[in-house]
Amino acid sequence: MSFLEVRNVSKTFEEEGKKFTVLGDISFSVERDEFLAIVGPSGSGKTVLLRIISGIEKATSGTVLFEDQPIGISNPQIANVFQNFALLPWLTVQDNVELGLYAQKLPPEKRKSTAQKYIRIVGLEGVENAYPRELSGGTKQRVGIARALAVEPALLCMDEPFSSLDNLTAASLREELLLLWQDKSLPPDSIVMVTHNIEEAVYMADRVIVLSHPPARIVAQLKISLPRPRDTKSQEFINDVDKVYSLMT
């Protein structure tokens, strides 16, 4: 049984009577305890595919199975981290992290203690009562990560999670996220990340899927066997990055 299985997924949009196919017959699986990165040219439908995987958007055809069950609009075992943080500006950090817990109908004290646990884990102590407008981009994304982890998902879907951050902040968050994911006492089991940054994909993922121009199809799947933490200056790392670049071009 695959942890996650994408079967023959396609997506077509229609606007002003014209149809445009973004995804064409995409199939792959994700194993438990796997970090998968999806890369491809701009406009190749990476984000659309991730939204279909997480149940936010419906495929035109095909299906996505999570633990052999079709993905629904609401799946408590799947959580998302967004590029634009997606925080509610009128809520504090504590309240934003608690958001996903309302759907689980937890009592207020349990919501509070769970949120505080993940606020502590991602290093947000001291800003629990701050509002998003008072936070830096890196801190906002920490809130987004804490909110996603607080529902204790089995699968974490991340859409360009570090692309809005400066290089140093992005590098720091990548390291912290990998450490969290490698701690098997914490969620999630597996991660699917969309990124345009090939070096990031090779640095973080166990496997990289390369999409073509629309209608996007899978060009290749590359296993990244380098031990962690990965040395970005090693020849092996550079070789894997070059492989992905060549596949995209």
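Throughout what follows, the structure given in this document is the object of discussion.

What counts, and at which threshold
Residues numbered from 1 in each chain as written. Predicted model: local features only at pLDDT ≥ 70, side-chain atom pairs only at ≥ 80, totals over all residues. Heavy atoms only, no water. Salt bridge = Lys/Arg side-chain N within 4 Å of Asp/Glu carboxyl O. Helix = DSSP H or I, 4+ residues; strand = E, 2+ residues; numbered from the N terminus. Buried < 20%, exposed > 50% of the residue type's maximum accessible area, 1.4 Å probe, protein only. Axes fitted to C-alpha atoms, helices over the stretch in contact; angles between N-to-C directions. Left-handed = near helix turned anticlockwise from the far one by under 90°. Contact = heavy atoms within 4.5 Å. Nonpolar A, V, L, I, M, F, W, Y, C, P; charged D, E, K, R; others polar. Pairing = 2+ DSSP bridges. Parallel < 35°, antiparallel > 145°, perpendicular 65-115°, else oblique. Polar contact = N/O pair within 3.5 Å; in protein donor to acceptor, adjacent residues only side chain to side chain. Core = buried A, V, L, I, M, F, W, Y, C linked by side-chain atoms within 4.5 Å.

1. Describing the pattern of salt bridges
Then, in step 1: Taken as a whole and assessed by the stated rule, the structure comprises 13 salt bridges.
Then, in step 2: The shortest N-O distance in the salt bridge between E67 and R32 comes to 2.6 Å. With E67 in the loop between strand 4 (61-66) and strand 5 (69-70) and R32 in the loop between strand 2 (18-30) and strand 3 (35-39), this pair connects stretches of sequence that are 35 residues apart.
Then, in step 3: A relative accessible area of 23% means that E67 is categorised as partly exposed.
Then, in step 4: Residue R111 is joined to E98 by a salt bridge in which the shortest nitrogen-to-oxygen separation is 3.6 Å. Of this pair, R111 sits in helix 3 (residues 108-121) while E98 is found in helix 2 (residues 93-102), placing the two residues 13 residues apart along the sequence. In this pair, the class of R111 matches that of E98, namely buried.
Then, in step 5: One salt-bridge network, held together by shared partners, links K11, R51 and E57.

2. Digging into the packing of helix 2 against helix 4 (residues 137-150)
Between two packed helices, the angle of one axis relative to the other and the distance separating the axes together describe the packing.
Then, in step 1: For the pair helix 2 and helix 4, interaxial distance at closest approach is 7 Å and the crossing angle is 30°. Between helix 2 and helix 4 the crossing geometry is right-handed. For the pair formed by helix 2 and helix 4, the contact residues are V93, N96, V97, L99 and L101 on the first element and V143, A146, R147 and A150 on the second.
Then, in step 2: Across the contact of helix 2 with helix 4, the residue classes break down as 7 nonpolar, 1 polar and 1 charged.

3. Quick look at the pairing of strand 1 (residues 4-15)
Then, in step 1: The pairing of strand 1 with strand 2 spans 9 bridges and is classified as antiparallel. Of the residues in strand 2, the one forming a bridge with K11 is L23.
Then, in step 2: Sheet topology places strand 1 next to strand 4; 5 bridges connect them, and they run antiparallel. Looking at the pairing, E5 lines up with L65 of strand 4.

4. Section: the sheet that holds strand 1
Then, in step 1: Strands sit in the order 2-1-4-5 across an open sheet of 4 strands; the sheet is antiparallel. The open sheet has two free edges, formed respectively by strand 2 and strand 5, since each of these has just one partner strand.

5. Let's talk about the packing of helix 3 against helix 4
Then, in step 1: The interhelical angle for the contact between helix 3 and helix 4, taken along N-to-C directions, is 135°, at an axis separation of 9 Å. Between helix 3 and helix 4, the angle is such that the two are oblique. Considering how the two elements wind past one another, helix 3 and helix 4 form a crossing that is right-handed. Counted together, T114, Y118 and I119 of helix 3 and A146, L149 and A150 of helix 4 form the full contact between these two elements.
Then, in step 2: For the contact of helix 3 with helix 4, the class distribution of residues is 5 nonpolar, 1 polar and no charged.

6. Thoughts on the side chain of R207
Then, in step 1: The residue R207 is located in strand 9 (residues 207-211) in this model.
Then, in step 2: Overall, R207 belongs to the buried group, its relative accessible area being 12%.
Then, in step 3: Only 2.7 Å separates the side chain of R207 from the side chain of E34, close enough to count as a polar contact.
Then, in step 4: In this structure the side chain of R207 is engaged in a polar contact, spanning 2.4 Å, whose partner is the side chain of Q221.

7. Things to note about the environment of I56
Then, in step 1: Checked against the element boundaries, I56 lands in the loop between helix 1 (46-53) and strand 4.
Then, in step 2: Sequence separation of I56 and Q182 is 126 residues, and the distance between their C-alpha atoms is 27 Å.
Then, in step 3: Ignoring anything within four residues of it in the chain, the contact list for I56 reads R51, N80 and F82.

8. Concerning the nonpolar core
Buried together is how nonpolar side chains tend to be arranged in soluble globular proteins.
Then, in step 1: Counting residues in each nonpolar core, the largest one holds 51 residues, and the members touching the most others are F35 and V208.
Then, in step 2: Residues within four places of F35 in sequence aside, it is in contact with M158, L178, W181, I191, M193, M204, A205, D206, R207 and R228.
Then, in step 3: V6, L36, L49 and I53 belong to the second largest nonpolar core, which has 28 residues in total.

9. Section: the environment of F237
Then, in step 1: With respect to the element layout, F237 can be found in helix 7 (residues 235-248).
Then, in step 2: For F237, a relative accessible area of 3% translates into the label buried.
Then, in step 3: Separated by 38 residues in the primary sequence, F237 and E199 place their C-alpha atoms 8.7 Å from one another.
Then, in step 4: Discounting residues that sit within four places of it in the chain, F237 has contacts with E199, V202, Y203, L226, R230, D231 and T232.

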